[in-house]
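Below are the chains, spelled out letter by letter.
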Amino acid sequence: MTPPDSKDSLAPALADWRVAPPRNPQFRSAVWARLEGARGTPTWSSYVRGHATLVAGALALAVVLGAVTGREQARARVEAARGQLAASYVEGLDARNMRMP
Amino acid sequence: MKNLLLTLLVAIVACAAAFGVFYVLNDEPAMRRAAREGDAMAWLRAEFRLNDTQFAAIKKLHDDYGVVCGEHCAAIVGARKRSAPAAEIAALEKTCVDAMTAHFRRVAALMPPGEGARYLATVLPRVAGYEHTGAPNVRVTP
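Residues numbered from 1 in each chain as written. Chains lettered and ligands numbered in written order. Predicted model: local features only at pLDDT ≥ 70, side-chain atom pairs only at ≥ 80, totals over all residues.

Draft legend 1. Structural view of the overall build of chain A. When you go through chain A residue by residue, the secondary structure sums to four helices and zero strands. Of the regular secondary structure in chain A, the N- to C-terminal order runs α-α-α-α. The buried share among the 101 residues of chain A stands at 16%. (Helix = DSSP H or I, 4+ residues; strand = E, 2+ residues; numbered from the N terminus. Buried ≥ 20, exposed ≤ 12 C-beta atoms within 10 Å, placed from the backbone.)

This is the structure:
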């Protein structure tokens, strides 16, 4: 037979009970790695999820590299064309160093 | 290994796409077309944002100056052929430079505010120090 006051003493103890597990930042990727390890060769999407930081960094680097290179190359070509046209424009109006055809 | 290669491939595609987008955004097709076609007047129009009226007025100035430039050319060539004194040739060349500078200033005056100063800053430093052959014109060979 249960003593009548045992339920009363358990309730506050349960109410005060808090579980505070330590935070593990690698938990998600570790779970994916274990899942994929058990499954065999991972799919690319799960590979990306498992290496999210690395893949995102590589993509960001690739986009920045492409953007900077594209911008510089376009500007260099435009500048070359601009310089060529400006020089030729002035030459076309300068009678010095000109030979009659 | 396959996934790593696939990731590299995706990165390369992203790099190429970014390259293409930023190349197009920073390109000036009118400028490169003008250079390809050797059309300095098209360059002038695009570079200094000339409207139709300004462009027509500047084109007329250029056409008129072409006659003056031809006369200067003939005088300089004639003086060189007859081995004229260096002082005479220098005087003729100075006349040419002065006329050319005055022409550039007249052209600049017809341009939109701000563009005229930029035009002069572009053309005046290029007045000396190059080879030139043929009749005066504003078409160039790429």
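Draft legend 2. Main features of the nonpolar core. Counting residues in hydrophobic clusters, the biggest one holds 29 residues, and the most contacted among them are Leu85(A), Tyr89(A), Trp43(B), Leu44(B), Tyr119(B) and Val123(B). Within the residue set of this core, elements represented by two or more residues are helix H4 (52-91) of chain A together with helix H2 (29-37), helix H3 (40-47), helix H4 (52-81), helix H5 (86-109) and helix H6 (115-123) of chain B. By residue number, the principal contributor to this core is H5(B), which donates six residues. Built from parts of two domains, this core gets at least three residues from each of domain 1 (1-38) and domain 2 (39-127) of chain B. Membership of the second largest hydrophobic core comes to seven residues, among which are Cys15(B), Ala18(B), Phe19(B) and Phe22(B). (Core = buried A, V, L, I, M, F, W, Y, C linked by C-beta atoms within 7 Å. Domains from an automatic or database assignment.)

Draft legend 3. The interface of chain B and chain A, seen in detail. In this complex, chain B contributes 52 residues to the contact, which on the side of chain A involves 39 residues. Elements with a contribution of two residues or more to the side of chain B that touches chain A: helix H1 (2-26), H2, H3, H4, H5 and H6 of chain B. Residue contributions to the side of chain B that touches chain A peak at 16 residues, all from H1(B). When grouped by side-chain class, the residues that make up the side of chain B that touches chain A number 33 nonpolar, 11 polar and eight charged. (Contact = placed C-beta atoms within 7 Å. Nonpolar A, V, L, I, M, F, W, Y, C, P; charged D, E, K, R; others polar.)

Draft legend 4. Here's a closer look at the packing of H4(A) against H3(B). Running from amino to carboxyl end, H4(A) crosses H3(B) at an angle of 120°, the nearest separation of the two axes being 9 Å. Relative to H3(B), H4(A) is oriented oblique. Crossing geometry of H4(A) relative to H3(B) is assigned as left-handed. Here Arg82(A), Leu85(A), Ser88(A) and Tyr89(A) of H4(A) lie close against H3(B), whose contacting residues are Ala40(B), Trp43(B), Leu44(B) and Glu47(B). Considered class by class, the residues forming the contact of H4(A) with H3(B) number five nonpolar, one polar and two charged. (Axes fitted to C-alpha atoms, helices over the stretch in contact; angles between N-to-C directions. Parallel < 35°, antiparallel > 145°, perpendicular 65-115°, else oblique. Left-handed = near helix turned anticlockwise from the far one by under 90°.)

Draft legend 5. Structural context of the packing of H4(A) against H1(B). Across the interface, H4(A) lies against H1(B) with an axial gap of 7 Å and an inter-helix angle of 30°. With respect to H1(B), the axis of H4(A) lies roughly parallel. The hand of the H4(A)/H1(B) crossing is right-handed. Here the residues of the contact of H4(A) with H1(B) sort into 19 nonpolar, seven polar and two charged.

Draft legend 6. Region of interest: the environment of Arg32(B). Relative to the helices and strands, Arg32(B) is located in helix H2. For Arg32(B), a count of 19 C-beta atoms within 10 Å corresponds to the partly exposed category. Taking the C-alpha atoms as reference points, Arg32(B) and Trp43(B), 11 residues apart in sequence, are found 8.7 Å from one another. When near neighbours in sequence (up to four residues on either side) are disregarded, Arg32(B) contacts Arg77(A), Val78(A) and Ala81(A).

Draft legend 7. View of H2(B). All buried positions along H2(B) are accounted for by Met31(B), Ala34(B) and Ala35(B). Down the axis, H2(B) shows its buried residues gathered within 100° of arc, on one side only. Opposite the buried face of H2(B), by more than 90 degrees, sit the exposed residues Pro29(B) and Arg36(B). In this fold, the buried residues of H2(B) make contact with H4 of chain A together with H3 of chain B. Once H2(B) finishes, Gly38(B) follows within two positions and takes phi at roughly 65°, a positive value. (Arc of directions from axis to C-beta.)

Draft legend 8. Spotlight on H1(B). Its 25 residues place the ends of H1(B) 36 Å apart at the C-alpha level, agreeing with the 36 Å of an ideal helix rising 1.5 Å per residue. Buried within H1(B) are the following residues: Ala11(B), Cys15(B), Ala18(B), Phe19(B) and Phe22(B). Against H4 of chain A lie the buried residues of H1(B). (Expected span 1.5 Å × (residues − 1).)

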